[in-house]
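# A look at the structure
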Amino acid sequence: MSESFSAAVIQAASFPQDSLSSAEKAVGLIREAAAKGAKLMVFPEAFLGGYPKGASFGTPVGLRKPEGREDYRIYHESAIDLDGPEVALLSEATADTGAFIVMGVIEREGGTVYCTALFFDGEKGLVAKHRKLMPTGAERLIWGFGDGSTLPVIDTPLGRIGAVICWENYMPMLRMTMYDQGVTLYCAPTADDRDAWAGSMRHIALEGRCFVLSACQYITRGAYPHDFDCALGDDPDSVLMRGGSMIVAPLGEVLAG
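No experiment lies behind these values; they were computed from the predicted model shown.

### Examining the nonpolar core
Judged by nonpolar contacts, the single largest core of 39 residues is most densely connected at F100, V102, I106, F119, W143, I161 and L213. Ranked by residues supplied to this core, first place goes to strand β4 (residues 112–121) with four residues. V27, L29, M41 and L48 belong to the second-largest nonpolar core, a separate cluster that totals 24 residues.

Have a look at this one:
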């Protein structure tokens, strides 16, 4: 592991229904962080493809509303393909900067979308992915389940890097899988902005004796289209996710956030 380096957790808003614009924004943030010396950067859950905070996709028990089907069609279209332009842009940015990037995306495969973390390693480009094993609550209506085959811990000059997405962090055996692979840089892209989340991140750092890097968006209702179905209302100034990103040292000390 490198003796000393700078890392960044990116607390920024994406464009929830415009993955290409989100990727272009991410490229700018990568270059900005690299210019300040960051070697590792962690982006939030679903930064590309969008986290549909407050949406119901028209799913009362026992039926599916037509407008909910249309909402899913739009969401599916907003997801990314791993051979698409968004991944190409991120690969170019990591090649130019030499940074290691963990990026939260909504990955499309056939008719299914997955909540996925992508790993980009300098000139190698996209080197691995992790599909969320257990979407939480209503997320199961829209996201497929990972099958356990994508749980990488990647050996890099910075340390051993892995990612566990949002409430997957409450799955003890998944955390054990990361620890068993010797993770030292435990990345946690998330949409959880609650005060209690910080306690979980500090516990994991202590439990695993690893650095924990948690990234969550700060995003308002105004970032979403005006006709977005949102149970939290339509005031464009309403905060749907309020950040709370942090970096924690292996003994639980909060280094940033």
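Right, picking up where we left off after that structure.
### Observations regarding the environment of P85
By the secondary structure assignment, P85 is in helix α3 (residues 85–97). For P85, a relative accessible area of 47% translates into the label partly exposed.

### Brief notes about the pattern of salt bridges
All chains considered together, the criterion is met by 16 salt bridges. Put simply, E32 and K36 hold a salt bridge, and the shortest N to O gap is 3.5 Å. A salt bridge links R131 to E109; its shortest N-O distance comes to 3.4 Å. Residue R131 is located in strand β5 (residues 126–131), and its partner E109 is located in strand β3 (residues 100–109); the two are separated by 22 residues in the primary sequence. Judged by relative accessible area, which is 12%, R131 ranks as buried.

### Remarks on the layout of surface pockets
Considered as a void within the structure, the largest pocket measures approximately 350 Å³ in volume. Grouping the amino acids of the lining of the largest pocket by side-chain chemistry returns 10 nonpolar, five polar and five charged.

### A closer look at the environment of S149
Mapped onto the fold, S149 is located in the loop between β5 and β6 (153–156). Along the chain, S149 and L133 lie 16 residues apart, while their C-alpha atoms are 9.6 Å from each other. A polar contact of 2.6 Å, which involves the side chain of S149, links it to the side chain of D147.

### Notes on the pairing of strand β7 (residues 159–163)
Regular strands place their side chains on alternate faces of the sheet. With four of its five residues buried, β7 lies for the most part within the structure. Count of turn residues in the β6/β7 antiparallel hairpin: two residues. Note: β7 against strand β8 (residues 185–189), three bridges, orientation parallel. Following the sheet pairing, G162 is matched in β8 by Y186. In terms of handedness, the path from β7 via helix α4 (residues 172–180) over to β8 forms a crossover that is right-handed.

### What about the packing of helix α1 (residues 19–35) against α3?
Look at α1 against α3: their axes get within 9 Å of each other, and the N-to-C directions meet at 10 degrees. One element, α1, and the other, α3, form an angle in the roughly parallel class. Here α1 contributes S19, L20, A23, E24, A26, V27, I30, R31 and A34 to the contact with α3, which in turn contributes P85, E86, L89, L90, A93, D96 and T97. A breakdown of the residues in the contact of α1 with α3 according to their chemical character gives 10 nonpolar, two polar and four charged.

### Quick look at α4
Along α4, the residues that are buried comprise L174, R175, M178 and Y179. What you see down the axis of α4 is that its buried residues fit within an arc of 145 degrees, all on one side. In α4, the exposed positions angled more than 90 degrees off the buried face are occupied by M173 and D180. Those residues of α4 that are buried lie in contact with β6, β7, β8 and α5 (195–208).

Scoring rules and cut-offs
- Residues numbered from 1 in each chain as written.
- Predicted model: local features only at pLDDT ≥ 70, side-chain atom pairs only at ≥ 80, totals over all residues.
- Heavy atoms only, no water.
- Core = buried A, V, L, I, M, F, W, Y, C linked by side-chain atoms within 4.5 Å.
- Buried < 20%, exposed > 50% of the residue type's maximum accessible area, 1.4 Å probe, protein only.
- Helix = DSSP H or I, 4+ residues; strand = E, 2+ residues; numbered from the N terminus.
- Salt bridge = Lys/Arg side-chain N within 4 Å of Asp/Glu carboxyl O.
- 1 Å grid on protein atoms, 1.4 Å probe; cavity = no way out; pocket = protein on both sides within 12 Å on 5 of 7 lines; lining within 4 Å.
- Points joined across faces, edges and corners; volume = space filled by probe spheres on them.
- Nonpolar A, V, L, I, M, F, W, Y, C, P; charged D, E, K, R; others polar.
- Polar contact = N/O pair within 3.5 Å; in protein donor to acceptor, adjacent residues only side chain to side chain.
- Pairing = 2+ DSSP bridges.
- Right-handed = clockwise from strand over helix to strand, strands pointing away.
- Axes fitted to C-alpha atoms, helices over the stretch in contact; angles between N-to-C directions.
- Parallel < 35°, antiparallel > 145°, perpendicular 65-115°, else oblique.
- Contact = heavy atoms within 4.5 Å.
- Arc of directions from axis to C-beta.

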